[in-house]
Amino acid sequence: MKKRISSAIFSIFFLAVLFVLAPNIKAEAAEIKQSATTRNSVTISWDDPYSGYSYYKTTAYRVYVGTIDANYNYNYVLYETLPASQRSIQINNLPAGCERKIKIEYDYISEYSSTPHTLYMGEYIRTLPGEVTGLRQARWYYWSKSFDATWDEQTGVDGYQYIVKTNKNKTKASGTAKYSNSFSVDKISNSVVYSGRVRAYSTINGVKYYGPWSDTAYFMTQPQITKAKISGNKLSVKWKKVGGATGYDVYVSTKKASGYKKVKSVSSRTTSATIKKLGTKKFSKKKTYYVYIVTKKTVKGRTSKSGRLYYWNTKNNSKVGYF
């Protein structure tokens, strides 16, 4: 009799321990797989976390999509709730070239209790790279003869491939930017307009994918002024030609760093200009005027400009100032 009581007590104790431990058991085989990808969607699938477990049963799934904030924390938003029979879903309306964190919560019950418990699994997903946008000149270094280019970053790519050509369509530089959305080109000419394109790439499930090439961007600097002189009551300006330019804008001010007005626009065939007035006033030899020129490149109605980095003055053509 004592034996039977002891055996019954042991069985009850074993079941109680099993019930307590049940919520902490997680199937090791459960994982999220990225099975299909486009530039704006990702299809994921997963195994039943309790496939092969006779004591537990999955009852529902909740799919969350997470984005990372400035503090490197993931903010999750519920995407959809699914029945236990559905173990795949397409995540839509994603940006091209992005990375997201997927979290799937799953409810389950044990054989010994109908009370549901919850665990979760997570994985990163990526969309295919999109077309690079915002390719532009970040800085031109006139004296060291180099320039930097940058563009809008895609957060879920491995890197970018770029190519830069001269105005004669010869390749000047090419390569990859793996850790930033920028590149530099050295040993360039200050008298040439360069063109460039960039595309992103990612490796997803062991396969390398390239996005489309960006629109062509143009990189150039201001032409060097060789003459800025007041003759009579007129300003005469001359500058060096920039190969590949389609035009130039001439700016003048009576101050070094401000007050500049565009006084002349000329085509690429011209490398000189005579200006009669600054606003409504004629030029005077007694004053010092500050001059800079912007290089322009217009292709299919879209105009790129060199911007301003340096200015010259009418008292000393060889003295260059910096904005």
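Turning to the overall build of the protein, a few remarks are in order. Secondary structure assignment for the protein yields 1 helix and 26 strands. Taking 323 residues into account, the globule formula puts the C-alpha radius of gyration at 20 Å, and the protein, at 33 Å, lies well above it. Seen through its C-alpha atoms, the protein measures out along the principal axes to roughly 130 × 35 × 30 Å. The long-range fraction of contacts in the protein, counting pairs at least 24 apart against all pairs at least 6 apart in sequence, stands at 61%. Taken as a whole, the protein presents about 18,200 Å² of accessible surface, with 48% of it coming from carbon and sulfur. Charge separation in the protein, taken as the distance between the mean sites of 52 positive and 19 negative side-chain charges, equals 27 Å.

For the rest of this paragraph, the subject is the packing of aromatic side chains. One pass over the structure, following the stated rule, counts 30 aromatic pairs. With a centroid separation of 5.3 Å and 15° between ring planes, the pair formed by W140 and F147 is classed as stacked. Classification of F147 by relative accessible area gives buried; the value is 0%. By the ring-pair criterion, three or more aromatic residues cluster together here, those being Y50, Y53, Y55, Y56, Y106 and Y108. Cation over ring: K101 sits above Y124, and NZ or CZ is 4.9 Å from the ring centre. Seen from the ring of Y120, K103 lies directly overhead, with NZ or CZ sitting 5.7 Å from the centre.

The next point concerns the environment of F283. By secondary structure assignment, the location of F283 is in the loop between strand 22 (281-282) and strand 23 (290-299). Here F283 falls in the buried class, since its relative accessible area comes to 4%. Sequence spacing of F283 and K234 is 49 residues, and the spatial spacing of their C-alpha atoms is 5.6 Å. If we ignore the near neighbours within four places in the chain, the residues touching F283 are I230, G232, N233, K234, L235, V252, I275, K276, K277, L278 and Y289.

With that settled, the discussion passes to the pairing of strand 5 (residues 88-91). Burial along strand 5 is one-sided: I89 and I91 are buried, while S88 and Q90, pointing the other way, are not. Two elements, strand 2 (residues 42-46) and strand 5, share 4 bridges in a ladder whose sense is antiparallel. Bridged to I44 within strand 5 is I89.

Moving on to the sheet that holds strand 4 (residues 74-83). Spatial ordering of the open sheet is given by 4-3-6-7, a layout of 4 strands whose pairing is antiparallel. For this open sheet the edge positions go to strand 4 and strand 7 (113-126), each flanked by a neighbour on one side alone. Put simply, the sheet's adjacent strands are angled 25° from each other on average, direction ignored. Direction of pairing for strand 3 (residues 56-68) relative to strand 4: antiparallel, over a ladder of 9 bridges. Each bridged residue has a counterpart across the sheet, and for R62 the counterpart in strand 4 is T81.

Bringing the side chain of Q34 into the picture now. Summarising the element assignment, Q34 is placed in strand 1 (residues 32-37). Of the polar contacts made by the side chain of Q34, one reaches the backbone oxygen of R126; its length is 2.7 Å. Excluding anything up to four places from it in sequence, Q34 contacts V42, T43, I44, Y124, I125, R126, I204 and N205.

Once that is clear, we can look at the pairing of strand 2. With 4 of its 5 residues buried, strand 2 lies for the most part within the structure. Here strand 1 runs beside strand 2; their pairing, made up of 5 bridges, is antiparallel. When the bridges of strand 2 are listed, I32 appears paired with W46. Between the antiparallel neighbours strand 1 and strand 2 lie 4 residues.

What counts, and where the lines are drawn
Residues numbered from 1 in each chain as written. Predicted model: local features only at pLDDT ≥ 70, side-chain atom pairs only at ≥ 80, totals over all residues. Heavy atoms only, no water. Helix = DSSP H or I, 4+ residues; strand = E, 2+ residues; numbered from the N terminus. Rg over C-alpha atoms; globule rule 2.2 N^0.38 Å. Contact = heavy atoms within 4.5 Å. Areas by Shrake-Rupley, 256 points an atom, 1.4 Å probe, with all protein chains shown as cover. Lys, Arg positive; Asp, Glu negative; His and termini not counted. Charge placed at Lys NZ, Arg CZ, Asp CG, Glu CD. Phe/Tyr/Trp six-rings, centres within 6.5 Å; stacked < 30°, edge-to-face > 60°. Buried < 20%, exposed > 50% of the residue type's maximum accessible area, 1.4 Å probe, protein only. Lys NZ or Arg CZ within 6 Å of the ring centre and 35° of its normal. Pairing = 2+ DSSP bridges. Axes fitted to C-alpha atoms, helices over the stretch in contact; angles between N-to-C directions. Polar contact = N/O pair within 3.5 Å; in protein donor to acceptor, adjacent residues only side chain to side chain.

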